[in-house]
Amino acid sequence: MTASNAWTEFAAIFTRSRQAHLEHEQAKAELKGLMPEDAKESIGHGVRAKRSKSGAISFDLVTPESSHASV
């Protein structure tokens, strides 16, 4: 694949972003561990964690506009 410009480009992105991905996954695991067992939703410092009915936890970034109810 050394002759492929696309491979070169994506291999560089993969290499450059690898550490950030590992840190991201570690942060998600730590946040999941901090969420109380009985909480359906937790919000703080720009991050919202939501627990589904099956117990899976997902994360979203919260912007100032989305964190307040509409008037």
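Residues numbered from 1 in each chain as written. Predicted model: local features only at pLDDT ≥ 70, side-chain atom pairs only at ≥ 80, totals over all residues. Heavy atoms only, no water.

**Examining the overall build of the protein**
- For the protein, the helix and strand inventory stands at one helix and three strands.
- The helix and strand sequence of the protein, counted from the amino end, reads α-β-β-β.
- In terms of overall dimensions, the protein has a C-alpha envelope of 55 × 30 × 20 Å along the principal axes.
- The proportion of buried residues among the 71 residues of the protein is 10%.
- Partitioning the contacts of the protein with sequence separation of at least 6, the portion at a separation of at least 24 is 9%.
- Looking at the protein as shown, the accessible area adds up to about 6,200 Å², and 58% of this sits on carbon and sulfur atoms. (Helix = DSSP H or I, 4+ residues; strand = E, 2+ residues; numbered from the N terminus. Buried < 20%, exposed > 50% of the residue type's maximum accessible area, 1.4 Å probe, protein only. Contact = heavy atoms within 4.5 Å. Areas by Shrake-Rupley, 256 points an atom, 1.4 Å probe, with all protein chains shown as cover.)

**Observations regarding the pattern of salt bridges**
- Counting across every chain of the model gives one salt bridge.
- A salt bridge links lysine 28 to glutamate 25; its shortest N-O distance comes to 3.6 Å. Highlighted residues: lysine 28 and glutamate 25, both in helix α1 (residues 5-34), separated by three residues, approximately one helical turn.
- The exposure class assigned to lysine 28 is partly exposed, which follows from its relative accessible area of 27%.
- Its relative accessible area of 35% is what places glutamate 25 among the partly exposed residues. (Salt bridge = Lys/Arg side-chain N within 4 Å of Asp/Glu carboxyl O.)

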